Amino acid sequence: MRRLEDGATYREPVDQLVYATGAGPRWLEVPGARSRGIYGVATLADGLLLRQIVEDERPQRAVIVGGGYIGIEMAEAFVARGLDVSLVELGSEVMGTLDADMGALVSAALREAGVKVYLEERVTGFHADGGQVRAVETDRRTLPADLVVLGVGVQPRSELAAEAGLPLGESGAVRIDDRMRTGIPGVWAAGDCAETFHLVSRRPAYIPLGTTANKQGRICGINLGGGYARFPGVVGTAITKFNQTEVARTGLSEREAQALGFEYGVARIEDRTRARYYPDSALMVVKLLAEKGSGRLLGAQIVGGPGAGKRIDVVAAALHAGMRVDEFMYLDLAYAPPFSPVWDPLLIAARKAAEQV
Amino acid sequence: MATKDRLIIVGGDAAGMSAAAQALRMRDDLEIIAFERGQHTSYSA
Ligand SMILES: Cc1cc2nc3c(=O)[nH]c(=O)nc-3n(C[C@H](O)[C@H](O)[C@H](O)COP(=O)(O)OP(=O)(O)OC[C@H]3O[C@@H](n4cnc5c(N)ncnc54)[C@H](O)[C@@H]3O)c2cc1C
């Protein structure tokens, strides 16, 4: 151990050890990427620093690299503070954890709020002046910038564990079993530095989220304290928003289902968050996948107005239960006009998907 | 004084602190030392 205040190194004898080292932000390996004015957002301190910079230095033009949830949440914050915001994304749409047809709805919401969205563009470098970033260079254009935020993903901090000889999975994260054991007695791992198990694909997965980190930590603590607890795994549920547009997903996307070789039927419907005539009823789009033959639900994606996003939890529960789409479509979900149409949009999507399997 | 079993946790955020809290509930004879190089734990801890 090395104490950071004074650099002193020392040893601690230990009976049990938990790796909970988390994940760190990826950085771009392009010229100028270490210039001043280029930030990641990984910690509370990063967020506070960015807010202070926006208030004190009054940057006019912000460029965000990466259209994942961190990128779009930062776009929301910068738009709210009156900055001129550009977002550069390598993929064909923002929110790459969704299929492109659903991500397109999020790109549209960004543009409607005045964000300039550049898709299928690669950042190739940064121009700096006296060490301070001035522009972002892509393979198609130069974007002037006073401030750059990188939201290009995270990587597991598993170096310490790897040095100690713990096996890593394909993702580079620590491999653990359903009791958070690493394979070395008395050594455990939990959270963003570790893998988890995907209950739909039935494979190890790396989906670093606070939801899972808390559960894995709890399970780890019970087991290392001499109790017995198992964490079966995740279904890949996540949610975010940009202004009034809520974005949620669970299970497998169409792209993931294809990569895994699933044969599936898919439905995509547009409906409303509340009864059509009710105040603040907003549009929402639901996409739902089910396996051909078995009819088993595979996943869902939702993009829509206030009240749309948390509906994803119903599908997440159904995925945990291994439910079929023809069982799902008659679920007794709550209805009154302020909350939903009489057929919830999820059920309409399920009815359509059931015809495809 | 009997020496306590010693648990070391590297990383004091969501996963690490959840593990610590739960381990302490299971066993009051554990000595837990958590190492955290940052100054805050996250919103999610
Ligand atoms: C901007 C942002 C927004 C997010 N929003 C959401 C959200 O809305 N929903 C959600 O579910 N998840 C969200 N997440 C993800 C969530 O924050 C993480 O999944 C969660 O914090 C993981 O917890 P953890 O304890 O595994 O790791 P971390 O929170 O990364 O904690 C690991 C800790 O270990 C410390 N550490 C690492 N190595 C060492 C070492 N060698 N010595 C000492 N200390 C060390 C680090 O300093 C760090 O504090 C978000 C993440 C970010 C960056």
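You'll find the structure just up there.
Keep in mind that what you see is a predicted model, and the values were worked out from it rather than measured.

Each value, and the rule that gives it
- Residues numbered from 1 in each chain as written.
- Chains lettered and ligands numbered in written order.
- Predicted model: local features only at pLDDT ≥ 70, side-chain atom pairs only at ≥ 80, totals over all residues.
- Heavy atoms only, no water.
- Pairing = 2+ DSSP bridges.
- Helix = DSSP H or I, 4+ residues; strand = E, 2+ residues; numbered from the N terminus.
- Axes fitted to C-alpha atoms, helices over the stretch in contact; angles between N-to-C directions.
- Contact = heavy atoms within 4.5 Å.
- Buried < 20%, exposed > 50% of the residue type's maximum accessible area, 1.4 Å probe, protein only.
- Arc of directions from axis to C-beta.
- Phe/Tyr/Trp six-rings, centres within 6.5 Å; stacked < 30°, edge-to-face > 60°.
- Lys NZ or Arg CZ within 6 Å of the ring centre and 35° of its normal.
- Patch = residues over 30% accessible without salt bridge, like charges linked within 9 Å, V, L, I, M, F, W, Y side chains within 5 Å.
- Areas by Shrake-Rupley, 256 points an atom, 1.4 Å probe, with all protein chains shown as cover.
- Salt bridge = Lys/Arg side-chain N within 4 Å of Asp/Glu carboxyl O.
- Buried area = accessible area lost by both parts, 1.4 Å probe.
- Polar contact = N/O pair within 3.5 Å; in protein donor to acceptor, adjacent residues only side chain to side chain.
- Nonpolar A, V, L, I, M, F, W, Y, C, P; charged D, E, K, R; others polar.

Caption draft 1: Spatial organisation of the sheet that holds strand β15 (residues 238-242) of chain A. Residue and element names in this part refer to chain A. The strand order across the open sheet formed by five strands is β15-β16-β19-β18-β17, and the pairing between neighbours is antiparallel. Pairing within the sheet leaves two strands with one partner each, and these edge strands are β15 and β17 (264-272). When strand polarity is set aside, the average angle formed by the axes of neighbouring strands in this sheet is 10 degrees. Inspection of the sheet shows β15 paired to strand β16 (residues 245-251) by five bridges, in the antiparallel sense. When the sheet's bridge partners are listed, I239 is paired in β16 with A248. Helix α3 (residues 100-112) contacts β15, β16, β17, β18 (283-291) and β19 (297-304) of the sheet and is inclined by roughly 15 degrees relative to β19.

Caption draft 2: Summary view of helix α7 (residues 312-320) of chain A. All names here are of chain A. Listed as buried for α7 are I312, V315, A316, A318 and L319. For α7, the angular spread of buried residues about the axis comes to 165 degrees, placing them on one side. Where α7 is buried, its residues meet β16, β19, α8 (325-328) and α9 (345-354). The positive-phi residue at the C-terminal boundary of α7 is G322, with phi of around 70 degrees.

Caption draft 3: Looking closely at the packing of aromatic side chains. The full count for this structure, using the stated rule, is zero aromatic pairs over all chains. Seen from the ring of A:W343, A:R351 lies directly overhead, with NZ or CZ sitting 4.2 Å from the centre.

Caption draft 4: Examining the environment of B:R6 more closely. Inspection of the secondary structure assignment puts B:R6 in strand β1 (residues 5-10). Judged by relative accessible area, B:R6 falls into the buried class, the value being 18%. Considered as a pair, B:R6 and B:I32 are 26 residues apart in the sequence and their alpha carbons are 6.0 Å apart. When near neighbours in sequence (up to four residues on either side) are disregarded, B:R6 contacts A:E12, A:P13, A:V14, A:D15, A:Q16, B:E31 and B:I33.

Caption draft 5: A nonpolar patch on the surface, seen in detail. A cluster of nonpolar side chains, contributed by A:Y277, A:Y278, A:Y330, A:Y335, A:V342 and A:W343, occupies part of the molecular surface with about 710 Å² of accessible area. Along the chain, the position of A:Y278 falls in the loop between β17 and β18.

Caption draft 6: Structural view of the interface of chain B and chain A. Taken residue by residue, the interface counts 23 residues in chain B and 31 residues in chain A. The largest per-residue losses of area from chain B upon contact with chain A belong to B:R6, B:I8 and B:V10, which jointly make up 26% of the total buried on that side. Taken together, the links from chain B to chain A amount to zero salt bridges. Run the count over chain B and chain A and you get ten residue pairs in polar contact (both at pLDDT 80 or more). Broken down by secondary-structure element, the contributors of at least two residues to the side of chain B that touches chain A are β1, α1 (14-26) and β2 (30-35) of chain B. In terms of residue count, the dominant contributor to the side of chain B that touches chain A is α1(B) (eight residues). When the residues that make up the side of chain B that touches chain A are grouped by side-chain class, the tally is twelve nonpolar, six polar and five charged. Pairing analysis gives four bridges linking strand β1 (residues 16-19) of chain A to β1(B), with the strands arranged parallel.

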